[in-house]
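Descriptive analysis of the structure
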There are 2 protein chains.
Amino acid sequence: MAEPFFLDCDTGIDDCLAIAYLIGRGVNLVGVGTVSGNTSAAEAAENTARFLGALGRTDIPIAVGAHNPLDGVFAGTVAFVHGENGIGDVDLPAVDATRVDTSAAQLLVDLARQNPGTLKVLAIGPLTNLAIAFALEPRLPELIGELTIMGGAALAPGNATAAAEANIYKDPVAAHTVLTSGFNTILVPLDVTMEHTVGAAEQERLSASTQPGLRAIGAMLDTYLDFYIGVYGERRASLHDALAAAIATGDVSLSLAPEASVVVETGRGPARGQTVVDLRGRYRNYALSVSAGALSRVVLEVPADAADTIMTVVERIDAPAAPAV
Amino acid sequence: MAEPFFLDCDTGIDDCLAIAYLIGRGVNLVGVGTVSGNTSAAEAAENTARFLGALGRTDIPIAVGAHNPLDGVFAGTVAFVHGENGIGDVDLPAVDATRVDTSAAQLLVDLARQNPGTLKVLAIGPLTNLAIAFALEPRLPELIGELTIMGGAALAPGNATAAAEANIYKDPVAAHTVLTSGFNTILVPLDVTMEHTVGAAEQERLSASTQPGLRAIGAMLDTYLDFYIGVYGERRASLHDALAAAIATGDVSLSLAPEASVVVETGRGPARGQTVVDLRGRYRNYALSVSAGALSRVVLEVPADAADTIMTVVERIDAPAAPAV
């Protein structure tokens, strides 16, 4: 059996692309947790269940996770990016999903204990569930084989604020805990995710698909591309979460990913939620870059064809949708 | 008469290069204030007086400025970068300088009032004196024609910390005040200063000069190049302050300098002292970049020959030194 994967997500339009990527790739997805971010944890779970159903999968355990960040309350759905329901206001049929009656954090701990040293974790929302799981099980960094996080901005501008990326900004305390607790981490920040995009051509292809899940992504991308006009000046959107998925599976290689210490600004000033990545080694090609403390591989560059790699895997899905209930 | 310049500095090895640049350029330098940074404000004044003397100039008024930052105490000389005395432990003769018996901040206010709308200010140390001057004279932003600041890190890593550049880090409160108070500001951050360097060739030429000030810079650069091996992996050093001087005079043009709001993180977390520059417009060539609040032109790129431009001006100085006292 292929290595087990756990996905923590806040589904989310680009989360759907990441889920489609994992399914298209045939990843052994043993569990999914949800967290408030693009939408609430509860709605993210429902979106995830329905979207997986549209891809023909109702067998994957889904657990609702933290509604609020560790040091505040959930700020609400980001409707201007992801639509009112988190998935571009696309109406997917309800399915008979595999809901588990435990928290996302506990599900992650259970799966890590069942798969010590081999479980791969992909976190594409705020890191609240990960921090809670670490509180429940302090050995989690050793139990998890590898943790890939979509989040942060190393040298690139933020998106939630000038300094901070949205996933980290929405729970800086959790992010700081996770990034400084010795996990074997690959951080996939805006530096690289903003450089790999899909546009009108991909949106049209997906919209014309006979596979219901892919067709739904096409519809969702319509909303997402609208939002991104304000970012790129044209209809193309970054593949944030899907790129992290393709990195977690090893399908997209790391062209430049220095090891660096990462801490998170948790104060209430203008840098709140910023990932402070020690990249002072940049002027010597990171060759002598020895940072103290917990280290992450921080992905700054991947091959130029990453978006094509991702879409090829996504578009190969041809399963029928699960029956609506 | 050429437009009047005021220089605020913490001399400092690269400060000496900036001073040499202004003198070589024939700038109408009507006053110099000093501030604690590379060394103490008092020692910076002595260094400035002696270095100007070595360049043959004892006529320029020099005022000692703030010893401590606005919200703490001076952390001490950065001996591992600039030597114990701030100028690479080079021993310059004392000269009969023009010391003025007022604070640097008051001198700046006086000069701004005497030259309303025309005084150009170049600040190459922590911004304490500027903030105090603004407290003394709230009309200072209108009175000053243009303020060029060497400081900050927009998208580049910091140097004092992973997030913060040294001048801003040493007085974040003053920097925040200055950068958000409506000055017509050009910010020259590490993004551009780290890309323009001098190396062994320039150091050898200066060391062989018959002009005492230039020969002294050659000796200082020996210390500076040693420090920078840890940064660049080789003996070359950035022209931080001198580049800001050449930008302030208009001699080095701005290839990329978007207008952006700049605030400073003043909290005590890992991003303390960071210049949070809103560069979210980067993905559309800053074309639609409309930031709220006070705007600075943030210099991200200058022509590749900037270092040559600077050294040509510096090396043309051939005045005899002022007599030692």
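Rules used throughout
Residues numbered from 1 in each chain as written. Chains lettered and ligands numbered in written order. Predicted model: local features only at pLDDT ≥ 70, side-chain atom pairs only at ≥ 80, totals over all residues. Heavy atoms only, no water. Helix = DSSP H or I, 4+ residues; strand = E, 2+ residues; numbered from the N terminus. Rg over C-alpha atoms; globule rule 2.2 N^0.38 Å. Buried < 20%, exposed > 50% of the residue type's maximum accessible area, 1.4 Å probe, protein only. Least-squares fit on C-alpha atoms with pLDDT ≥ 70 in both. Pairing = 2+ DSSP bridges. Contact = heavy atoms within 4.5 Å. Buried area = accessible area lost by both parts, 1.4 Å probe. Salt bridge = Lys/Arg side-chain N within 4 Å of Asp/Glu carboxyl O. Polar contact = N/O pair within 3.5 Å; in protein donor to acceptor, adjacent residues only side chain to side chain. Phe/Tyr/Trp six-rings, centres within 6.5 Å; stacked < 30°, edge-to-face > 60°. Lys NZ or Arg CZ within 6 Å of the ring centre and 35° of its normal. Axes fitted to C-alpha atoms, helices over the stretch in contact; angles between N-to-C directions. Left-handed = near helix turned anticlockwise from the far one by under 90°. Nonpolar A, V, L, I, M, F, W, Y, C, P; charged D, E, K, R; others polar. Parallel < 35°, antiparallel > 145°, perpendicular 65-115°, else oblique. Right-handed = clockwise from strand over helix to strand, strands pointing away. pLDDT = per-residue confidence, 0-100. Disulfide = S-S within 2.5 Å.

1. Re the overall build of chain A
Tallying secondary structure elements over chain A gives 13 helices and twelve strands in all. Here the C-alpha atoms of chain A give a radius of gyration of 18 Å, agreeing with the 20 Å that 2.2 N^0.38 yields for 325 residues. The principal-axis extents of the C-alpha atoms in chain A amount to approximately 55 × 45 × 40 Å. The proportion of buried residues among the 325 residues of chain A is 62%.

2. Structural notes on the relation of the copies chain A and chain B
Superposing chain A onto chain B takes a rotation of 180° plus a shift of 0.0 Å along the axis, which leaves an RMSD of 0.0 Å. Here the symmetry operator amounts to a two-fold rotation axis. When each C-alpha of chain A is compared by its distance to the rotation axis, A:Leu155 comes out closest, at 2.4 Å.

3. Thoughts on the pairing of strand β6 (residues 144–150) of chain A
All names here are of chain A. The buried count for β6 comes to six of seven residues, which makes it a mostly enclosed element. Pairing between strand β5 (residues 119–123) and β6: five bridges, direction parallel. Bridge assignment links alanine 123 to a residue of β6, and that residue is isoleucine 149. Relative to strand β7 (residues 185–188), β6 runs parallel, the two sharing four bridges.

4. Description of the interface of chain A and chain B
Accessible area lost when the parts come together is the quantity often used to give the size of an interface. Contacts between the two partners involve 32 residues from chain A, matched on the other side by 32 residues from chain B. Summing both sides of the interface, chain A and chain B together bury roughly 2,400 Å²; the carbon and sulfur share of this comes to 59%. Inspection of the chain A/chain B interface yields zero salt bridges. Our count for the chain A to chain B interface comes out at nine residue pairs in polar contact (both at pLDDT 80 or more). Contributing elements (two or more residues each) for the side of chain A that touches chain B: α11 (212–232), β10 (259–264) and β11 (275–277) of chain A. Of all the elements, α11(A) adds the most residues to the side of chain A that touches chain B, at three residues.

5. Looking at the packing of aromatic side chains
Applying the stated criterion to the full structure yields twelve aromatic pairs over all chains. Plain terms: the ring middles of A:Phe227 and A:Tyr228 are 5.0 Å apart, the flat faces sit at 75° to each other, and that makes the pair edge-to-face. Take A:Phe227: its relative accessible area is 24%, and that puts it in the partly exposed class. Judged by relative accessible area, A:Tyr228 falls into the buried class, the value being 4%. One aromatic cluster is present, built from ring pairs that chain together A:Phe80, A:Tyr224, A:Phe227, A:Tyr228, A:Tyr232 and B:Tyr283. The lysine or arginine in question, A:Arg236, covers the ring of A:Tyr232, its NZ or CZ lying 4.2 Å from the ring centre.

6. Here we look at the sheet that holds strand β1 (residues 4–9) of chain A
All names here are of chain A. Ordered in space as β4-β3-β2-β1-β5-β6-β7-β12-β10-β11, the ten strands form an open sheet in which the pairing is mixed. The open sheet has two edge strands, β4 (98–99) and β11, and neither has a second partner. Sheet topology places strand β2 (residues 28–34) next to strand β3 (residues 61–64); three bridges connect them, and they run parallel. When the bridges of β3 are listed, threonine 34 appears paired with valine 64. Most of the contacts of helix α2 (residues 41–54) go to β3, to which it runs at about 165°, and overall it touches β1, β2, β3 and β4. The strands touched by helix α8 (residues 172–179) within the sheet are β6, β7, β10, β11 and β12 (295–298), with β10 carrying the most contacts at an inclination of about 150°.

7. A word on the packing of helix α10 (residues 200–207) of chain A against α11(A)
In a packed pair of helices, the relevant descriptors are the angle between the two axes and the axis-to-axis distance. Residue and element names in this part refer to chain A. It is the contact of α10 with α11, at a shortest axis distance of 7 Å, that shows an interaxial angle of 145°. Handedness of the crossing formed by α10 with α11: left-handed. Here α10 contributes Ala200, Gln203, Leu206 and Ser207 to the contact with α11, which in turn contributes Leu214, Arg215, Ile217, Gly218, Ala219, Leu221, Asp222 and Leu225. Tallied by class, residues from the contact of α10 with α11 come to seven nonpolar, three polar and two charged.

8. What to know about the packing of helix α1 (residues 13–24) of chain B against helix α2 (residues 41–54) of chain B
Residues and elements named next belong to chain B. Two elements in contact, α1 and α2, have axes separated by 11 Å at closest approach and are oriented at 40°. The pairing of α1 with α2 is recorded here as oblique in orientation. Of the two possible hands of crossing, α1 and α2 adopt the one that is right-handed. From α1, Cys16, Ile19, Ala20 and Ile23 reach across to α2, where they touch Thr48, Phe51 and Leu52. Residue composition of the contact of α1 with α2, by class: six nonpolar, one polar and no charged.

9. What to know about the sheet that holds strand β9 (residues 259–264) of chain B
Strands pair in a sheet through their backbones, by hydrogen bonds, and they do so in one of two ways: parallel or antiparallel. Residue and element names in this part refer to chain B. Taken in spatial order, the nine strands make up an open sheet running β3-β2-β1-β4-β5-β6-β11-β9-β10, and their pairing is mixed. Two strands in the sheet have a free side with no partner beyond their single neighbour: β3 (62–64) and β10 (275–277). Direction aside, neighbouring strands of the sheet carry axes that sit 30° apart on average. Each of β1 (4–9), β2 (28–34) and β4 (119–123) is contacted by α1, which is oriented at about 170° to β1, the strand it contacts most.

10. Some words on the pairing of β1(B)
All names here are of chain B. The buried count for β1 comes to six of six residues, which makes it a mostly enclosed element. Side chains Pro4, Phe6 and Asp8 of β1 all project onto a buried face; the interleaved residues Phe5, Leu7 and Cys9 project onto the opposite face, where all are buried too. In this fold, the crossover linking β1 to β2 by way of α1 has right-handed handedness. In the sheet, β1 pairs with β4 via four bridges, with the strands oriented parallel. Within β4, the position partnered with leucine 7 by the bridge is leucine 122.

11. Some remarks on the confidence of the model for chain A
Of the residues in chain A, 97% reach a pLDDT of 70 or more, and the chain-wide mean stands at 95. Across the whole predicted complex the pTM is 0.95, and at the interface the ipTM reaches 0.92.

12. A few points about the pattern of salt bridges
Oppositely charged side chains can form a pair if their charged atoms are brought close together. One pass over the full model with this rule turns up 32 salt bridges over all chains. Several salt bridges share partner residues, and in doing so they unite A:Glu3, A:Lys120, A:Glu146 and A:Arg297 into one network.

13. A few points about the state of the cysteines
Simply put, the disulfide is a covalent bond whose two ends are the sulfur atoms of two cysteines. Residue and element names in this part refer to chain A. Inspection of every chain in the model, using the stated rule, returns zero disulfides over all chains. Among the cysteines around cysteine 9, which has no disulfide bond, cysteine 16 carries the closest sulfur, lying 8.6 Å off. Here cysteine 9 falls in the buried class, since its relative accessible area comes to 0%.

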